[in-house]
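# Coordinate analysis (summary)
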Amino acid sequence: MTERTYIEREGKLKDGYIRAAAMTPKIKVADCEYNIENIKRLMSEAHKKDTAIAVFPEMCITGYTCNDLFLHDRLLNTAIQGLVDIKKYSETTPGMISFVGLPYEMNGKLYNVVAGIMNGCILGMVPKMYLPNYGEFYERRQFTPGFNECVYVDVDGEEVPFGSELLFTFDNNRKVKIGVEICEDLWTPQPPSIKHAMNGATIIVNASASNETIGKRQYRTELVKNQSARLVSCYVYSSAGDGESTQDIVFGGHDIICENGTILGMSELFSGQQIYADIDLKAYDVIIGYRADDSYFSFAESFVQNGLPLRSLNEALHLGRLGTQTVLISEKAFRNLTFDGAGFADKTVYYPKFIARDSNARETYRKEIRNRRSYKNDIFVLDILREEMKDNDSRIQ
């Protein structure tokens, strides 16, 4: 597994809770201008209700059912212009991250992506990994499956991370780690959300365009509910509405928010409802941490010598999954602990793995440093000493 890129911003939090919204805007197929205005209207509505995470459906900028119109430059260019418009509009909704779907062309290939937007910035773009190509779906006709590697793309002069392994975090509460998957990703034997959770994600968002057939509503509900339970996470699922129902399939706008197997909110089919739920961040009783590995100490030394900022030090711990460890922080977690046995680790097997992981971490870290443009907003050790920052200072949490 490649390194995971952590994208941080300060979000709207209150008394240990965070409000999430699953939203289905009114759309017209291939009418980006109309769709963008409705997305912005719902962003404003969500922000007024103190929402921190707003999730919109798959391809909501263009509409999901554009079919071969996706192969036309005019639609693709208009979608990017719409993304930039939403980015600028997000300056009016500070502290709220919005996830919107659109088609994006890179290196001659077309990807189905979700963009995370906040405070006037495009924080990252996540491509869909699993493309349905059966029954009424034939996405592989137009789209290419996503990839794990994090690359950077230029959008409106801004360097934006692009890849399936992005996690979005809030500076003012590190328990908020958001992973993204898109529609079909959830319906596969090994959804990307599993890797997201194993790397610390506490909230999974899914931008979807799931159509309606007999019995599918209940199946979909159980799928989202069970995934939130097995990942011990919150799952925010937003699906396309009836504006997509212009051809041979029907969409009902089935939005769902679940937390650890409990349904916090769910819309009625064809209702046009927007649903909100408050997530209890204090409820998480397991923390995935990182134990220092050999390659980490050189990074720590650079930090102490004021050569690297605190953020880079934090990133170093994630590279190569250095010494991943799980910490139990509640009696409930300990009560569920069972002993399954012990065994010896063969050094001829595991030591080469350790060396490979260490080398990968160092090379990945050097790549991150080369890609980083500026440290002007980062915190160095001298800043901590000069300002005598305390442990509870949100800037160093």
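Preceding this paragraph is the structure being described.
Keep in mind the model is a prediction, meaning the values are calculated, not measured.

### Remarks on the overall build of the protein chain
Check the secondary structure of the protein chain and you find 9 helices and 17 strands. Every one of the 397 residues in the protein chain was classed for burial, and the buried ones make up 53%. In the protein chain, once contacts between residues fewer than 6 apart in sequence are set aside, the share between residues at least 24 apart is 72%. By element, 50% of the accessible surface of the protein chain is carried by carbon and sulfur atoms, the whole surface being about 18,600 Å².

### Digging into the nonpolar core
Counting residues in hydrophobic clusters, the biggest one holds 45 residues, and the most contacted among them are Phe56, Ile61, Leu83, Val100, Met125 and Val155. Excluding its chain neighbours within four sequence positions, the residues that come into contact with isoleucine 61 are Cys32, Asn35, Ile36, Ile39, Ala79, Leu83, Ile86, Val100, Gly101 and Leu102.

### Thoughts on the pairing of strand S7 (residues 151-155)
One ladder, built from 5 bridges, connects S7 with strand S8 (residues 158-162); its direction is antiparallel. Following the sheet pairing, valine 155 is matched in S8 by glutamate 158. Between S7 and S8, which follow one another and run antiparallel, lie 2 residues, and aspartate 156 among them has a positive phi close to 55°.

### Here's the deal with the side chain of glutamine 142
Tracing the chain through its elements places glutamine 142 in the loop between strand S6 (121-127) and S7. Overall, the relative accessible area of 10% leaves glutamine 142 in the buried class. Glutamine 142 has contacts with Asn67, Asp68, Phe70, Leu71 and Leu110, leaving out every residue within four places of it along the chain.

### Some words on the pattern of salt bridges
The tally for this structure, following the rule as stated, stands at 11 salt bridges. Its salt-bridge partner being lysine 40, residue glutamate 37 comes within 3.1 Å of it at the nearest N-O pair. One end of the pair is glutamate 37 and the other is lysine 40, both in helix H1 (residues 32-48) and 3 residues apart, which spans about a single turn. Between glutamate 45 and lysine 49 there is a salt bridge; the shortest N-O distance is 4.0 Å.

### What about the packing of H1 against helix H2 (residues 73-89)?
When two helices pack together, their arrangement is given by the angle between their axes and by how far apart the axes lie. Between H1 and H2, whose axes approach to 10 Å, the crossing angle comes to 20°. When the axis of H1 is compared with that of H2, the two are roughly parallel. As H1 packs across H2, the resulting crossing turns out to be right-handed. Here Cys32, Ile36, Glu37, Ile39, Lys40, Met43 and Ser44 of H1 lie close against H2, whose contacting residues are Leu75, Thr78, Ala79, Gly82, Asp85, Ile86 and Tyr89. Its residues placed into classes, the contact of H1 with H2 shows 8 nonpolar, 3 polar and 3 charged.

### What to know about the environment of arginine 174
Within the secondary structure layout, arginine 174 lies in strand S10 (residues 173-182). What makes arginine 174 partly exposed here is its relative accessible area of 26%. A sequence separation of 26 residues divides arginine 174 from glycine 200, and the C-alpha atoms of the two residues are 9.8 Å apart.

### Let's talk about the packing of aromatic side chains
A full pass over the atoms with the stated rule returns 9 aromatic pairs. Their ring planes at 20° and their centres at 5.6 Å tell us that tryptophan 187 and tyrosine 219 sit as a pair that is stacked. One end of the pair, tryptophan 187, is in the loop between S10 and helix H3 (192-198); the other, tyrosine 219, is in helix H4 (residues 216-230), with 32 residues separating them in the sequence. Taking relative accessible area as the criterion, tryptophan 187 reaches 26% and is therefore assigned partly exposed. Among the aromatic residues, those joined into a cluster by ring pairs are Tyr104, Tyr111, Phe147 and Phe162. Over the ring of tyrosine 34 we find lysine 28, and its NZ or CZ is 4.4 Å from the ring centre.

### A word on H2
Along its 17 residues, H2 runs 24 Å from first to last C-alpha, staying within 8% of the 24 Å computed at 1.5 Å per residue. Taken together, the buried positions of H2 are Leu75, Leu76, Ala79, Gly82, Leu83, Val84, Ile86 and Lys87. Where the residues of H2 are buried, they touch H1, strand S4 (97-106), strand S5 (109-118), S6, S7 and S8.

Cut-offs used in this document
- Residues numbered from 1 in each chain as written.
- Predicted model: local features only at pLDDT ≥ 70, side-chain atom pairs only at ≥ 80, totals over all residues.
- Heavy atoms only, no water.
- Helix = DSSP H or I, 4+ residues; strand = E, 2+ residues; numbered from the N terminus.
- Buried < 20%, exposed > 50% of the residue type's maximum accessible area, 1.4 Å probe, protein only.
- Contact = heavy atoms within 4.5 Å.
- Areas by Shrake-Rupley, 256 points an atom, 1.4 Å probe, with all protein chains shown as cover.
- Core = buried A, V, L, I, M, F, W, Y, C linked by side-chain atoms within 4.5 Å.
- Pairing = 2+ DSSP bridges.
- Salt bridge = Lys/Arg side-chain N within 4 Å of Asp/Glu carboxyl O.
- Axes fitted to C-alpha atoms, helices over the stretch in contact; angles between N-to-C directions.
- Parallel < 35°, antiparallel > 145°, perpendicular 65-115°, else oblique.
- Left-handed = near helix turned anticlockwise from the far one by under 90°.
- Nonpolar A, V, L, I, M, F, W, Y, C, P; charged D, E, K, R; others polar.
- Phe/Tyr/Trp six-rings, centres within 6.5 Å; stacked < 30°, edge-to-face > 60°.
- Lys NZ or Arg CZ within 6 Å of the ring centre and 35° of its normal.
- Expected span 1.5 Å × (residues − 1).

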